[in-house]
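# Observations on chain architecture
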Amino acid sequence: MNFEYPPDLVAHLASLDSFIRSTILPLQHQDDNNRFFDHRREYARTNWEKGGLPRKEWEELLNKARVLADAAGFYRFALPKIYGGTSHPRTNLYMSAIRFHLASHPVYGGGLGLANDLQNEHSIVGNFPDLFMLHHFGSEEQKRTLIPARLCGEFRTTFGLTEPDHGSDATFMSTVAQRKRNSDGVEGWEINGSKKWQTGAHHCTHMIIFARTSGESGSARGITAFLVPAHTKGIEVTSYEWTFNMPTDHATVTLNGVFVPHSAILGKLDNGLAIAQTFVHENRIRQAASSCGAAKYCLDRAIERANSRTIWGEGRKLSEHQGIQFPVVELMTQVEMLRLLILRTSVRMDDIVSECEKTGGKDVPWVRIEKELSGEVAMCNYWANRLACQAADRAIQIHGGDGYSRHYPFEHIYRHFRRYRITEGSEEIQIRKVAAYLFGVKGKGSKQPQGENEKGKL
């Protein structure tokens, strides 16, 4: 058993660092772009006059970084070769290592930099959950038209699962779709309901709307995913929810008499929750890697501060006090153990994908991962997101008043990563999943796929 990164992964991380130093950091430092990353960041990013939405200049800068990363061959790493990716046999291992590396890096780490700004789930190495939904479930026409549009930025979608009164369990869904023929005689569906936390609604071209098309409330079957153009008559963005970390692009959307043709269905009728489950484990393990990396970043900075800070009157370093040492030791121990569990789980996920490919489609990777690894993925994710918050809080404490100020990134890191204890499948839901995995306990509704809160940027 080898616990070291394979040589080609080490080389890949080195090439990524070289690209960031030569191309991305100069862009971040160009003109006054650092206003988006220093103590002015929240105000520079937020258009307070337009309801707290992201400023156009901020989003344009992120897009410039993505275009540069795409041209350099990094952005599409996790995609299949047919979409310009690598189809790497160790995609999950590489992506976890990359996410950890970018979030923990001493120069551009913590999830606060143009290379990897996690407030927007922006990275120069893309994640693409929406593209994989289209790839696995889209019709030939949807794949032919929408995937190229997605890759060039002309297709952008929200993920419409969560509702104002329904969060973690999507089987209790109030949004409904009924068969209807419109005034032109086109057969289709009329959708009525509402969705909350529709990330990216301010600039999306489409919304993936999950609606009940049959069955009883609480049943996993009978929910269908629809690809709805954002400007379809009857869609209204009623509010953008201000959050712990601003800006906001998380909308509440109502759908009143929204008509779509039958061709708008994504995947199979009445089987939409399978789409929501397709990428959940890959997304969670990568998020766990980012959170673990951010925790290490915070603790590394706390150690630097404690080693450099002299206590007047004592002539001793802050780090000489056990009251400073012990909490950091405990947290760093958790970081190192969690990092190894994340990497091991990522390797096992890759092994399952490889085994499924050999069956010629008979075995479905995400179904096997859910059955065999959901407990480990949930362990990694809920603990990493909690650990990032604890590490940021400890870094604030060791930095004292400076840590509480916005001249250091810790308060931003805390406010950002706190969301993942809710939105990445709440930690209570994930702990329940681990308990079911360990004890074989099946609670109420355990045989039904559980929906998730929004995943943020697609």
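Residues numbered from 1 in each chain as written. Predicted model: local features only at pLDDT ≥ 70, side-chain atom pairs only at ≥ 80, totals over all residues. Heavy atoms only, no water.

### Notes on the domain arrangement of the chain
Looking at the chain, the domain boundaries give domain 1 (7-127 + 275-439) and domain 2 (157-266). Centre-to-centre separation of domain 1 and domain 2, based on C-alpha positions: 29 Å. Taken residue by residue, the interface counts 20 residues in domain 1 and 17 residues in domain 2. Carbon and sulfur atoms make up 63% of the area that domain 1 and domain 2 hide from each other, which totals about 1,500 Å². Inspection of the domain 1/domain 2 interface yields zero salt bridges. The interface formed by domain 1 and domain 2 contains seven residue pairs in polar contact (both at pLDDT 80 or more). Elements that contribute at least two residues to the side of domain 1 that touches domain 2 include exactly α2 (41-45), β2 (53-54), α7 (273-277) and α12 (410-417). Looking at the side of domain 1 that touches domain 2 element by element, the count peaks at four residues for α12. Class assignment for the residues of the side of domain 1 that touches domain 2 results in seven nonpolar, seven polar and six charged. (Domains from an automatic or database assignment. Contact = heavy atoms within 4.5 Å. Buried area = accessible area lost by both parts, 1.4 Å probe. Salt bridge = Lys/Arg side-chain N within 4 Å of Asp/Glu carboxyl O. Polar contact = N/O pair within 3.5 Å; in protein donor to acceptor, adjacent residues only side chain to side chain. Helix = DSSP H or I, 4+ residues; strand = E, 2+ residues; numbered from the N terminus. Nonpolar A, V, L, I, M, F, W, Y, C, P; charged D, E, K, R; others polar.)

### Looking at the environment of Ala-170
Of note, Ala-170 is situated in the loop between β3 (157-160) and β4 (176-181). For Ala-170, a relative accessible area of 4% translates into the label buried. As for Ala-170 and Phe-210, which are separated by 40 residues in sequence, their C-alpha atoms are 9.1 Å apart. (Buried < 20%, exposed > 50% of the residue type's maximum accessible area, 1.4 Å probe, protein only.)

### Notes on the nonpolar core
In this structure, Ile-20, Ile-124 and Phe-210 are the most contacted members of the largest nonpolar core, which totals 61 residues. The set of elements that each furnish at least two residues to this core consists of α1 (7-29), α3 (56-71), α4 (91-104), α5 (129-137), α6 (140-151), β6 (206-212), β7 (223-229) and α7. With eight residues, α1 is the single largest residue contributor to this core. When residues of this core are assigned to domains, at least three fall in each of domain 1 (7-127 + 275-439) and domain 2 (157-266). (Core = buried A, V, L, I, M, F, W, Y, C linked by side-chain atoms within 4.5 Å.)

### Observations regarding the packing of aromatic side chains
Within the structure shown, the criterion is met by 15 aromatic pairs. Ring geometry for Phe-77 versus Tyr-94: centroids 5.6 Å apart, planes at 20°, classification stacked. Of the two residues, Phe-77 sits in the loop between α3 and α4 while Tyr-94 sits in helix α4, which places them 17 residues apart along the sequence. Pairing Tyr-408 with Phe-410 gives two aromatic rings, centres 6.0 Å apart and planes at 15°, and the pair type is stacked. We classify Phe-410 as buried; its relative accessible area is 1%. Every member of this aromatic cluster is reached through a ring pair, and the members are Phe-36, Phe-37 and Trp-58. For Arg-301, the ring lying beneath its charged end belongs to Tyr-297, and the centroid distance is 4.8 Å. For Arg-339, the ring lying beneath its charged end belongs to Phe-100, and the centroid distance is 6.0 Å. (Phe/Tyr/Trp six-rings, centres within 6.5 Å; stacked < 30°, edge-to-face > 60°. Lys NZ or Arg CZ within 6 Å of the ring centre and 35° of its normal.)

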